[in-house]
Structure formats: C-alpha cells, structure tokens
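Here is what each chain is made of, one letter per residue.
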Amino acid sequence: GFIYQLKGLSNLEDKLKELLNLKNIFVVPGNFDKDEYILSDIGKEASKHILNVIKDNNILGITGGTTMAKVAEEMPKSNSIKDILVLPARGGIGKSLETQSNNIAANIAYKLDGKYKLLHIPDNIGKEALDTLMQFDEIKSLIDSIKKIDVLVFGIGRSDTMAERRNLSKDIIDILEKEGAVSEAFGYYFNINGEIIRESNTVGLNLEDFKSIRNVIGIAAGAQKAEAIIAIAALRNDITLLIDEGAAKEILNKI
Ligand code: BG6
C-alpha cells in the first residue's frame, strides 16, 4: 500500500544519501524510462523545493532541457515572493531544446511574478567572437548577475545524449567516450568521479561559481541517467538531488 511505498522510498533515499555522501536526496516514485508522466511529478516536486528556498530579491538560475521545461510547466502561479530575477545559467549551448533555456527562464519568471533576462549567444561560437561579445555592457552586466545566482536549478544529462543533441563532431564524441565522460550539466562533461572531461565554449556559470551558490537543486529522471547523476553528486555534497525511483534504484546497482 501507500505507506509501504513511502517507507520504501525513504529507505531508498537514506541508502543513497550514504552511498553518494549527499545530505539532501528526494526520490519521486516511478521510472521515467517506462512512464513519461514521471517527468511532471519531478517538475511538481522541483517547484515545491524552489518555492521553499527562494527569497525576495533572489536571482534564480536555470538551465534548459526537457526536465527543466517541465519544472516551468508545473510551477504554480505565485506572487508570494517579491522581485525574483530568473536567468539562464549559461549562454546558448545547443540547438532546439536547449536554446529553450531562455523560454524556461521567461516561463518561470511569469509564474513567480518576477523578471527575466536572456542570454543570446550563438552555438559553437569561436573564442574571438565570444571575447568581442563580452565587451558589450549588456552582456557584461548579465554575466555579473549570473555570478550572483542565489538558487540554481539544473537538469542533469547523459554525456552521449547531450553531445548528440549539441551536434558535436564524431571526433569529439569519440574522445568523450574514450575519456570516460558519462554526465553533462550546464555545459560541462564529467566522468563518473565528477572530473571535467570537456567544457562547452560559452559564457555564464562556471564550475567555481557553481560550487559557491547558496542553494543548488539538480534534477533528473530515468534509470539511464544513473551514472550521470553519480558524477554530479561528486561535485558538492550539499546539493539537493531530486530524482525518480528508476534512477535511484539503478544508482544502487551501479555503486
Ligand atoms: C540541458 C542542460 O539543458 O539539459 C544540461 O544545460 C542537462 O545541463 C540537460 O544535461 C538535460 O536535458 P534533459 O532533456 O534530459 O532534461
């Protein structure tokens, strides 16, 4: 019954906390790989966590992806927190789905009765062009605000899936695989120990910034993302991890 299921999940959470050395893990019932509606539950749960930690005048950083898109969709309309600013954590690091981080920022800002700013940086832009863009006051001040993110909510992806989504070349995809990349988050590709294998050429949040943000919420669903999640858990032991049961059980199998 229901009580048994709740107990089972909190056992699972406790085991994971110990194994991953993380303080805050929340497991949503179900496996996204078998039931796509689980993503809505993750979105609802993430919304609750965001509303719990966010305060007046905070800067909320977000990333793109299908999981984050669900967070925006499931976020209830609320005007209880004043003057929220929502920002994409990094500039355009991919095609279709990811450039949606701008949409997601706008949607969440609308739901929270706040403001948003957009970061328009083309994909795979060269270093020189990037440096030139950085001279613009508008972009400079946006990057400054990104460095002041109070609450970050980000999607966790598989390295191979994200490399494909971003149209990386076959050579780079091979290198990522050879060097053991399993995870991708906010433009970085990591191995299972959370070590950087590659970084996307863009601007915004970097790993150092990530480590000093007050509240960080990582979200992911599906057993297929188990290793990707293990890698992220190695980055900081005080992040909040919000995953589905499918991913949680597979993590136990992998460790
Ligand atoms: C991207 C984030 O937008 O979403 C990545 O920038 C993350 O950090 C990815 O890996 C996850 O995507 P999805 O669609 O699986 O939620």
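Sequence order sets the numbering: in each chain, residues are counted from 1 along the sequence as written. Only residues with pLDDT of 70 or above have their local features reported here, since the model is predicted, and side-chain atom pairs are shown and tallied only from 80 upward, although totals for entire chains, interfaces and linings are computed over all residues. Side-chain measures were taken over the full set of non-hydrogen atoms in the model, leaving aside hydrogen atoms and water.

Helix and strand assignments follow DSSP, with helices taken as H or I runs no shorter than four residues and strands as E runs no shorter than two, numbered in order from the N terminus. Along the chain, glycine 64 turns up in the loop between strand S2 (59-62) and helix H3 (66-74). Along the sequence, glycine 64 and isoleucine 143 sit 79 residues apart, while their C-alpha atoms lie 17 Å from each other.

Before going further, it helps to spend a moment on the pattern of salt bridges. Every case where a carboxyl oxygen of Asp or Glu lies within 4 Å of a side-chain nitrogen of Lys or Arg is listed as a salt bridge. Within this structure, the stated rule accounts for 13 salt bridges. Residues lysine 140 and aspartate 137 are paired through a salt bridge, measuring 3.8 Å at the closest nitrogen-oxygen approach. Remark: aspartate 137 and lysine 140 occur in helix H7 (residues 137-146); sequence separation between them is 3 residues, near one turn of the helix. For glutamate 250, the salt bridge identified is with lysine 254, shortest N-O distance 3.8 Å. One end of the pair is glutamate 250 and the other is lysine 254, both in helix H12 (residues 245-254) and 4 residues apart, which spans about a single turn.

Right, let's talk about the nonpolar core for a bit. Think of a nonpolar core as a cluster: buried Ala, Val, Leu, Ile, Met, Phe, Trp, Tyr and Cys residues, connected wherever their side-chain atoms sit within 4.5 Å. Partly exposed describes any residue whose relative accessible area lies between the buried limit of under 20% and the exposed limit of over 50%, with all areas from a 1.4 Å probe on protein chains only and scaled to the type maximum. The biggest cluster of nonpolar side chains holds 50 residues, and the ones touching the most others in it are Leu20, Leu152, Phe154, Leu205, Phe210, Leu241 and Ile243. It is helix H11 (residues 226-233) that provides the largest number of residues to this core, a total of 7 residues. If we ignore the near neighbours within four places in the chain, the residues touching phenylalanine 210 are Leu152, Phe154, Phe186, Leu205, Val216, Leu235, Arg236 and Ile239. In terms of nonpolar packing, the next biggest core, distinct from the first, is built from 27 residues, Ile38, Met68, Val71 and Ile217 among them. By definition in these notes, contact holds between two residues if any of their heavy atoms fall within 4.5 Å.

Moving on to the packing of aromatic side chains. Pairing of aromatic side chains requires ring centres within 6.5 Å, counting the rings of Phe and Tyr and the six-membered ring of Trp. Pairs whose planes differ by under 30 degrees are stacked, by over 60 edge-to-face, and all others tilted. A complete count under the given rule lists 5 aromatic pairs for this structure. Geometrically, the ring pair formed by phenylalanine 154 and phenylalanine 210 is edge-to-face, given 5.6 Å between the ring centres and 90° between the ring planes. Highlighted residues: phenylalanine 154 in strand S5 (residues 151-155) and phenylalanine 210 in helix H10 (residues 207-212), separated in sequence by 56 residues. Residue classification places phenylalanine 210 among the buried residues on the basis of a relative accessible area of 0%. Summarising the aromatic geometry, the rings of tyrosine 188 and phenylalanine 190 are spaced 5.9 Å apart at their centres and angled 20° between planes, so their arrangement reads as stacked. Owing to a relative accessible area of 0%, phenylalanine 190 belongs among the buried residues under this scheme. Linked through ring pairs, Phe154, Phe186, Tyr188, Phe190 and Phe210 together constitute an aromatic cluster. Directly above the ring of tyrosine 110 sits lysine 77, whose terminal nitrogen or CZ lies 4.1 Å from the centroid. Lysine NZ or arginine CZ positioned within 6 Å of the ring centre and within 35 degrees of the ring normal marks a charge as sitting over the ring.

By the convention used here, strands pair only if DSSP detects at least 2 bridges between them. Strand order in this open sheet of 4 strands is S6-S7-S8-S9, and the pairing throughout is antiparallel. Looking at strand neighbours, the two that pair on one side only are strand S6 (157-158) and strand S9 (196-199), the edges of this open sheet. Alignment of strand S7 (residues 181-185) against strand S8 (residues 188-191), held across 4 bridges, turns out to be antiparallel. Bridge pairing in S8 links serine 183 to phenylalanine 190. In this fold H11 packs onto S6, S7 and S8, with an angle of close to 70° to the strand it touches most, S7. As a rule, the C-alpha atoms of each element are fitted with a line to give its axis, helices using only the stretch in contact, and angles between N-to-C directions run from 0 to 180 degrees.

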